[in-house]
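# Coordinates in review
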Amino acid sequence: MDFKKRMDSTEYDFLRTNPRLGNRIILMGLGGSHAYGTNNENSDIDFRGITLNLPSDLLGLTKFEQYEDTNTDTVIYAFNKVIRLLLECNPNTIELLGLNEEQYLIKTALGQELLDNKHLFLSKRAAKSFGGYASAQLRRLQNAVARDSMPQQEREQHIYDSVRNALEDFRRKNEMFDKGKLEIYIDKSDNPELETEIFIDAQYRHLPLRDYENMLGAMNNVIRDYDKLGKRNRKKDDNHLNKHAMHLIRLFMMAIDILEKGEIRTHRTDDLELLKSIRRGDFQKEDRTFSDEFYKLLSEYERRLEIAIKNTALPDNPDMEKVERFVEYVNRKAIESDGNGVM
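Residues numbered from 1 in each chain as written. Predicted model: local features only at pLDDT ≥ 70, side-chain atom pairs only at ≥ 80, totals over all residues. Heavy atoms only, no water.

## Looking at the overall build of the chain
A tally of helices and strands in the chain yields 14 helices and seven strands. For a compact globule of 343 residues, the expected C-alpha radius of gyration is about 20 Å, and the chain comes in at 22 Å, within 12% of that figure. Here the C-alpha coordinates of the chain stretch approximately 65 × 55 × 45 Å along the principal axes. Considering only residue pairs separated by 6 or more positions, the chain has 71% of its internal contacts joining residues 24 or more positions apart. Of the roughly 18,400 Å² that the chain leaves accessible, carbon and sulfur atoms contribute 46%. Treating the 53 positive side-chain charges of the chain as one cloud and the 60 negative ones as another, the clouds have centres 1 Å apart. (Helix = DSSP H or I, 4+ residues; strand = E, 2+ residues; numbered from the N terminus. Rg over C-alpha atoms; globule rule 2.2 N^0.38 Å. Contact = heavy atoms within 4.5 Å. Areas by Shrake-Rupley, 256 points an atom, 1.4 Å probe, with all protein chains shown as cover. Lys, Arg positive; Asp, Glu negative; His and termini not counted. Charge placed at Lys NZ, Arg CZ, Asp CG, Glu CD.)

What follows is the structure in structure tokens.
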């Protein structure tokens with residue numbers, strides 16, 4: 001498929017007409033399965049990009065983080081926001097720095113400089129970020145398979161594990177936990193329809209209500225998504241399960257590359273046969289559970305990731321002085337260009 005020709009169609013006119021995009025976009029490329037190389041005939045087309053902040057964002061009162069066009073599955077991040085995400089080795093954004101050359105649809109001189117400096121964002125944080133995403137994928141997989149086949153107590157444990165991971169992810173991204181504490185646990189339920197249930201103990205002082213609501217929302221989303229499982233048709237549900245399984249293994253692959261080699265390899269050229277076989281359902285059994293071979297494969301990647309974490313040469317955290325210098329350099333260019341084109 002000619003993605004550049006598609007990008008030039010009227011469907012993507014917003015890329016050229018929106019004052020925050022246009023010639024302020026420094027990098028844009030493929031996202032999703034087309035980026036990984038795992039796409040099939042039903043795959044959506046996703047574009048991901050980075051645009052410079054306006055001078056008013058940097059010096060004035062305006063604020064901008066990202067532009068989304070749901071009709072075309074396009075997301076364009078503001079430069080300052082994407083830097084914050086890259087510093088955490090966020091899988092959804094770090095992969096934009098690891099595409100094959102032909103997968104970039106827009107790349108300015110500043111975009112190339114960002115790619116040349118991608119090593120600034122690689123640190124041991126990748127283990128936690130990719131591990132967190134992989135854990136979430138595994139919980140989705142386990143919960144979907146377990147929903148109708150496991151006793152209620154075991155299903156509740158699966159939900160608890162997913163909620164706990166969501167809470168840990170929220171804690172990592174927020175600073176509200178110095179205002180108190182929150183604990184979740186499983187105990188005997190008073191609900192006659194449940195044997196056990198997840199409970200919560202919370203103790204906070206002077207906590208903004210919106211922060212508390214966001215935290216509860218993150219955990220509630222897990223339960224809501226779990227309750228939705230199994231309500232789709234069988235074929236569509238199986239396709240989702242296999243896609244979850246594929247992405248689980250892919251996340252391990254990318255994390256190991258980062259930690260072992262200091263490389264971001266988004267397009268999984270050498271791994272496509274395996275990943276596509278998982279997506280096809282080659283590892284799924286008739287009862288919708290996954291084969292022993294899949295769990296052996298998963299265990300092997302978990303073992304490799306543990307070794308990579310112990311032996312990686314990456315620093316614990318990014319060199320913030322170097323990152324600050326680079327960000328200041330790019331933002332000076334953003335102010336100087338002032339919408340008249342970027343280098």
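## Focus on the packing of helix α7 (residues 109-116) against helix α14 (residues 320-337)
The N-to-C vectors of α7 and α14 enclose an angle of 175 degrees; their axes lie 12 Å apart at closest approach. Judged by the angle between their axes, α7 and α14 are roughly antiparallel. Across the interface between the two elements, Leu110, Glu113 and Leu114 of α7 pack against Phe326, Tyr329, Val330 and Lys333 of α14. Taken together, the residues that form the contact of α7 with α14 break down as five nonpolar, no polar and two charged. (Axes fitted to C-alpha atoms, helices over the stretch in contact; angles between N-to-C directions. Parallel < 35°, antiparallel > 145°, perpendicular 65-115°, else oblique. Nonpolar A, V, L, I, M, F, W, Y, C, P; charged D, E, K, R; others polar.)

## Considerations on the pattern of salt bridges
Scanning the model with the defined rule gives 18 salt bridges in all. Salt-bridge contacts for Arg268 lead to Asp271; the nearest nitrogen and oxygen are separated by 2.8 Å. Linking Asp282 and Arg280 is a salt bridge whose minimum nitrogen-to-oxygen distance equals 2.8 Å. Its relative accessible area of 57% is what places Arg280 among the exposed residues. Several salt bridges share partner residues, and in doing so they unite Asp257, Lys261, Arg265, Arg268 and Asp271 into one network. (Salt bridge = Lys/Arg side-chain N within 4 Å of Asp/Glu carboxyl O. Buried < 20%, exposed > 50% of the residue type's maximum accessible area, 1.4 Å probe, protein only.)

## Section: the packing of helix α5 (residues 79-87) against α14
Remark: α5 packs on α14, axes separated minimally by 11 Å, with the N-to-C direction vectors making an angle of 160 degrees. One element, α5, and the other, α14, form an angle in the roughly antiparallel class. As for how α5 packs across α14, the hand of that crossing is right-handed. Contacts between α5 and α14 involve Phe79, Asn80, Ile83 and Leu87 from the former and Met320, Val323, Phe326, Val327, Val330 and Asn331 from the latter. (Left-handed = near helix turned anticlockwise from the far one by under 90°.)

## What to know about the sheet that holds strand β1 (residues 25-31)
Spatial strand order, β3-β4-β2-β1-β5: five strands in an open sheet with mixed pairing. Of all strands in the sheet, those with a lone pairing partner are β3 (66-69) and β5 (104-107), marking the two edges. Mean inter-strand twist for the sheet, computed between neighbouring axes without regard to direction, equals 15 degrees. Of the pairings in the sheet, the one linking β1 to strand β2 (residues 46-51) comprises six bridges and is antiparallel in character. Residue pairing for β2: Gly31 is matched across the bridge by Asp46. (Pairing = 2+ DSSP bridges.)

## Structural notes on the packing of aromatic side chains
This model, assessed by the stated rule, comprises 11 aromatic pairs. Considering the side-chain rings of Tyr185 and Phe199, the 6.1 Å spacing of their centres and the 20 degrees angle between planes classify their relative orientation as stacked. On the criterion of sequence distance, the pair formed by Tyr185 in strand β6 (residues 180-188) and Phe199 in strand β7 (residues 196-204) is long-range, its members being 14 residues apart. Note on Phe326 and Tyr329: the rings are 6.5 Å apart at their centroids and 35 degrees apart in plane angle, and the pair reads as tilted. Highlighted residues: Phe326 and Tyr329, both in helix α14, separated by three residues, approximately one helical turn. Classification of Tyr329 by relative accessible area gives partly exposed; the value is 31%. Members of the aromatic cluster, joined through ring pairs, are Phe3, Tyr12, Phe14, Phe47 and Tyr67. Sitting over the face of the ring of Tyr36, Arg250 holds its NZ or CZ atom 3.7 Å from the ring centroid. (Phe/Tyr/Trp six-rings, centres within 6.5 Å; stacked < 30°, edge-to-face > 60°. Lys NZ or Arg CZ within 6 Å of the ring centre and 35° of its normal.)

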